[in-house]
Amino acid sequence: MKQLFKQNAVFISLSLILVVVLGLALLYIPKNELHLLLCDRHTYARDIFYKYYTQVAEWFPYVVCVLLLIFSRIGDGVLATAALSISGLATQGLKYLVDTDRPYKWFENNFQDITLPLVDGVRMSKYYSFPSGHTTSFFALAFVLCIIATKSLSAQQSNSANGLSAQRSISVAIQVLLFIAAAVGGYSRIYLSQHFTEDVAGGILVGILITLLCYVIFFRFEGQKWYNYRVFQKK
């Protein structure tokens, strides 16, 4: 576990900092004002981008799982599939347990004089807001890919200081890019008024914690033959 945190320190740190920032914003800014502050800067280009980018969480993670099962180690594919499936189930369970209204319904009930900026073609959900399932998927997938990528880089032996420095730089770049991709996905849920800030923060935590749990379960099998089996073995 120590090695996992060391190798993925950048992604984990950025994700936790984001959760803390969102938490502080929730403490000091009223819920309605914070949501409008974050979602009220609509342009045609942004509408198109976020409308389609948010849909990535609905199918792309599962495409990645299949690709990992076929082209990477079977264990990596199993880890990714477990992290995404279990985090998705946990999110759905929390949604029904907490049972809070989404922005569209919440503003309709509490601030009838406010019209949320909506995007054409986006079907607005009204119930089961916390946590954001899309955000959970974005962060679970990003974290799994970080784990796989940084472990692969760490396994590559380098005999020079320049080589080690290059590996570290690549590792940091991968973690930052994956964090940005996941964070943008989380923000898309607020921009589209499908979720509140607390829903996104909750989704981040669920995605990361469930992925950590799955890693704890599966990393002990890394030395076994089935985990390292590849469908397309190098001859």
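Residues numbered from 1 in each chain as written. Predicted model: local features only at pLDDT ≥ 70, side-chain atom pairs only at ≥ 80, totals over all residues. Heavy atoms only, no water.

Colleague: What's the story with the nonpolar core in this structure? I'm lost.
Modeller: By size, the foremost hydrophobic cluster in this structure holds 41 residues, and its most contacted members are Phe 11, Phe 139, Phe 143, Ile 204 and Cys 214. Among the elements of the structure, α2 (9-28), α5 (56-71), α6 (74-98), α8 (133-155), α9 (161-191) and α10 (197-218) are those that each provide at least two residues to this core. Once residues within four sequence positions are removed from consideration, Phe 143 is found in contact with Asn 8, Phe 11, Ile 12, Ile 208, Thr 211 and Leu 212. Counting residues in hydrophobic clusters, the runner-up holds 6 residues, among them Tyr 50, Val 119, Val 122 and Met 124. (Core = buried A, V, L, I, M, F, W, Y, C linked by side-chain atoms within 4.5 Å. Buried < 20%, exposed > 50% of the residue type's maximum accessible area, 1.4 Å probe, protein only. Helix = DSSP H or I, 4+ residues; strand = E, 2+ residues; numbered from the N terminus. Contact = heavy atoms within 4.5 Å.)

Colleague: Looking at this structure, how should I read the side chain of Gln 7?
Modeller: When you line up the elements, Gln 7 lands in helix α1 (residues 2-7). Not counting residues within four places of it along the chain, the set of residues in contact with Gln 7 comprises Thr 150, Lys 151, Ser 154, Ser 171 and Gln 175.

Colleague: Would you explain the pattern of salt bridges in this entry?
Modeller: Pairing is possible between side chains that carry opposite charge, provided their charged atoms lie close to one another. Summed over the entire model, instances satisfying the criterion amount to 5 salt bridges. With a closest N to O distance of 3.3 Å, Lys 31 and Glu 198 form a salt bridge. Taken together, the residues span a long stretch of sequence, with Lys 31 in helix α3 (residues 31-39) and Glu 198 in helix α10 at a distance of 167 residues. Lys 31 sits in the partly exposed class, given a relative accessible area of 29%. The salt bridge partner of Asp 76 is Arg 73, with a shortest N-O separation of 3.1 Å. For Asp 76, a relative accessible area of 6% translates into the label buried. One salt-bridge network, in which partners are shared between bridges, spans Arg 73, Asp 76, Lys 151 and Glu 222. (Salt bridge = Lys/Arg side-chain N within 4 Å of Asp/Glu carboxyl O.)

Colleague: How do you make sense of the side chain of Gln 175 when you look at a structure like this?
Modeller: Mapped onto the elements, Gln 175 comes out in helix α9. Looking at Gln 175, the relative accessible area reads 2%, which means it is buried. Residues in contact with Gln 175, not counting those within four places in the same chain, are Gln 7, Asn 8, Ala 9, Val 10, Phe 11, Cys 146 and Thr 150.

Colleague: Honestly, the packing of α2 against α10 in this entry has me stumped. Any pointers?
Modeller: When two helices pack together, their arrangement is given by the angle between their axes and by how far apart the axes lie. Contact pair α2 / α10: the axes reach a minimum separation of 10 Å and the direction vectors enclose 155°. Relative to α10, the element α2 lies roughly antiparallel. For α2 against α10, the interelement crossing comes out left-handed. Where α2 approaches α10, its residues Ser 15, Leu 16, Leu 18, Val 19, Leu 22 and Leu 26 are matched on the opposing element by Thr 197, Glu 198, Val 200, Ala 201, Ile 204, Leu 205 and Ile 208. Partitioning the contact of α2 with α10 into residue classes produces 10 nonpolar, 2 polar and 1 charged. (Axes fitted to C-alpha atoms, helices over the stretch in contact; angles between N-to-C directions. Parallel < 35°, antiparallel > 145°, perpendicular 65-115°, else oblique. Left-handed = near helix turned anticlockwise from the far one by under 90°. Nonpolar A, V, L, I, M, F, W, Y, C, P; charged D, E, K, R; others polar.)

Colleague: Would you mind showing me how to read the packing of aromatic side chains here?
Modeller: Two aromatic rings are characterised by how far apart their centres lie and by the angle between their planes. By the definition in use, this model includes 20 aromatic pairs. Three or more aromatic residues joined by ring pairs make a cluster, and in this case those are Phe 49, Tyr 50, Tyr 53, Phe 138, Tyr 187 and Tyr 191. The ring centre of Phe 196 lies 4.2 Å from the NZ or CZ of Lys 31, which sits over that ring. (Phe/Tyr/Trp six-rings, centres within 6.5 Å; stacked < 30°, edge-to-face > 60°. Lys NZ or Arg CZ within 6 Å of the ring centre and 35° of its normal.)

Colleague: Hey, could you run me through the state of the cysteines in this one?
Modeller: Disulfides are covalent bonds that link the sulfur atoms of two cysteine residues. On inspection of all chains with the given rule, the structure shows 0 disulfides. This cysteine, Cys 65, is not joined by any disulfide, and Cys 214 carries the nearest cysteine sulfur, 11 Å off. (Disulfide = S-S within 2.5 Å.)

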